[in-house]
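Each chain, written out:
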Amino acid sequence: MKIAILGYGTVGSGVGEILTTHRNTLSVPLELVAILERKEQLHRHPLMCDNIESILCDPEIEAVVETMGGIEPAHTYILRALKAGKHVVSANKAVIARYAQEFHNCAKEHGVSFLYEASCGGGIPWLHQLHSVKRIDEIDEIEGIFNGTSNYILDHMTKESQTFQHVLRKAQELGYAEADPSADIDGMDILNKLRISIMLAFDTAVAETIPVFGIRNIQKADLLYPETADYVLKLLAVAKRSGNHYDAVVEPTLCPLSSPQSAVRDHYNLTCLHGTTIGKLCLLGQGAGKFATAHAIVQDLTDIVLGTAYDSPSFAQSLTYDGTILRSAYIIRTTLGKSQLQSILGKHLHHCDTFAAYTYAHTDVLYKAKMHQLMKEIVNADAQAFLMALAQMEE
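1. Quick word on the pairing of strand β1 (residues 2-6)
Phase 1 of the analysis: Counting buried positions along β1 gives four out of five residues, so the element sits mostly inside the fold.
Phase 2 of the analysis: Judged from the five bridges that link them, β1 and strand β2 (residues 31-36) form a sheet pairing that is parallel. Bridge pairing in β2 places I3 opposite L32.
Phase 3 of the analysis: After leaving β1, the chain enters helix α1 (residues 10-21) and then returns to the sheet as β2, a path that is right-handed.

2. Let's talk about the pattern of salt bridges
Phase 1 of the analysis: On inspection of all chains with the given rule, the structure shows 16 salt bridges.
Phase 2 of the analysis: Between E60 and K2 there is a salt bridge, and its shortest N-O distance comes to 3.0 Å. In this pair, E60 sits in the loop between α2 (52-56) and β4 (61-66) while K2 sits in strand β1, placing the two residues 58 residues apart along the sequence.
Phase 3 of the analysis: Among the residues examined, E60 registers a relative accessible area of 48% and is labelled partly exposed.
Phase 4 of the analysis: Taking relative accessible area as the criterion, K2 reaches 27% and is therefore assigned partly exposed.
Phase 5 of the analysis: A salt bridge links E40 to R38; the shortest N-O distance between them is 3.1 Å.
Phase 6 of the analysis: If you follow the salt bridges from partner to partner, you end up with D155, K159, R265 and D266 in one network.

3. Some details on helix α12 (residues 338-345)
Phase 1 of the analysis: Every buried residue of α12 is accounted for by L341, I344 and L345. Axial view of α12: buried residues confined to an arc of 85°, hence all on one face. For α12, the exposed residues set more than 90 degrees away from the buried face come down to S339 and S343.

4. Focus: the nonpolar core
Phase 1 of the analysis: The biggest cluster of nonpolar side chains holds 105 residues, and the ones touching the most others in it are W126, I142 and I198.
Phase 2 of the analysis: Ranked by the residues each element gives to this core, the list is headed by helix α9 (residues 188-202), at nine residues.
Phase 3 of the analysis: Those residues in contact with W126 that sit more than four places away from it in its chain are E117, C120, I142, F146, S197, T271, C272, L273 and L283.
Phase 4 of the analysis: Grouped together as the second largest cluster of nonpolar side chains are 18 residues, F213, I344, M375 and A389 included.

5. So, the sheet that holds strand β5 (residues 87-90)
Phase 1 of the analysis: The strand order β3-β2-β1-β4-β5-β6 describes an open sheet built from six strands, whose pairing is parallel. The open sheet has two free edges, formed respectively by β3 (48-49) and β6 (114-115), since each of these has just one partner strand.
Phase 2 of the analysis: Pairing of β1 with β4, which is carried by five bridges, proceeds in the parallel orientation. Bridge pairing links I5 to V65 in β4.
Phase 3 of the analysis: Packed on one face of the sheet, α1 meets β1 and β2 and runs near 160° to β1.
Phase 4 of the analysis: In the packing of helix α11 (residues 290-306) onto the sheet, the strands contacted are β1, β4, β5 and β6, and the crossing angle to β5 comes to about 160°.

The rules behind the values
- Residues numbered from 1 in each chain as written.
- Predicted model: local features only at pLDDT ≥ 70, side-chain atom pairs only at ≥ 80, totals over all residues.
- Heavy atoms only, no water.
- Buried < 20%, exposed > 50% of the residue type's maximum accessible area, 1.4 Å probe, protein only.
- Helix = DSSP H or I, 4+ residues; strand = E, 2+ residues; numbered from the N terminus.
- Pairing = 2+ DSSP bridges.
- Right-handed = clockwise from strand over helix to strand, strands pointing away.
- Salt bridge = Lys/Arg side-chain N within 4 Å of Asp/Glu carboxyl O.
- Arc of directions from axis to C-beta.
- Core = buried A, V, L, I, M, F, W, Y, C linked by side-chain atoms within 4.5 Å.
- Contact = heavy atoms within 4.5 Å.
- Axes fitted to C-alpha atoms, helices over the stretch in contact; angles between N-to-C directions.

Note that every value here comes from positions in space, so none of it alone points to a role or purpose.
This is how it looks when you write it as structure tokens:
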């Protein structure tokens, strides 16, 4: 199968290297014949061009790998490739989270595949596992650590007792964090992965109202309480189905030391599902990186050649988002005084302790939707506020 790659950055070049340098070890014939890049980059590789038409109009190119990132022109190029009768494999979680149903409908109409294993969990075969389990079970819950950058930061802040900014700079030097790390530390990268995972696990279109809390405001003092109480702070994505409803959230979470999440180090990811008969199943691996992600893309290409690509989601379930299904207790660090907190939290304020020069409020178990509304009020009043959910993990 002849292949074109759109975008030759970290992941795209990783795919190119596997298809060329490791070509003799591949189990199926995959040949790279074209690479789309900006005009000023054309000197980097003899197969590069800056004209998408030369790729879309070439009848010998059977599959397109999209690793450009962003929404446009990726959205347009993916649709045009599918309409041209070409299979598409993408690692672009942002465009998939927004347009997955449109892409799947277009692929089905034109008799081609649209696959995106690399968009969630990097080298972890997470989406493939969701499809496999769903053939037998109803999946009612998914959760996990879906972002290597945020996990690296939290892990090394805890182990080295360093500040957030110090560890972030180190992560950037090692290539684990981008120059602009906003999508990672604010939880938006995880949100895109969670929306894709929900879509596949629950066979439904996904709401855009899922609440997200990142780790931008974390301070060293925030890690002292978890250590004394045998918890580890992780940034988790969680979704749970109940009947025809589902709830989901991305938030910093205190995980018991006995939980599998607490043991995930550095830039690794841990993705978990719960099925009717299989119970809880977790996958651990590199959630990002040049070759881990490229490997997942080549796996998708191999499945297309072998005819073993998994089916697209049916979107048969019309599930309704319900922000009251997931419940948890929370720790809130804020510089607001007790009287100010009481005015915001009202009857939900259980007790208030002073700790490490900050005020902590440990709330009662609340409806998550209500808690998030309260947190918005706190954050509006205190830009340095930080939320930690107290996870009730299965051991």
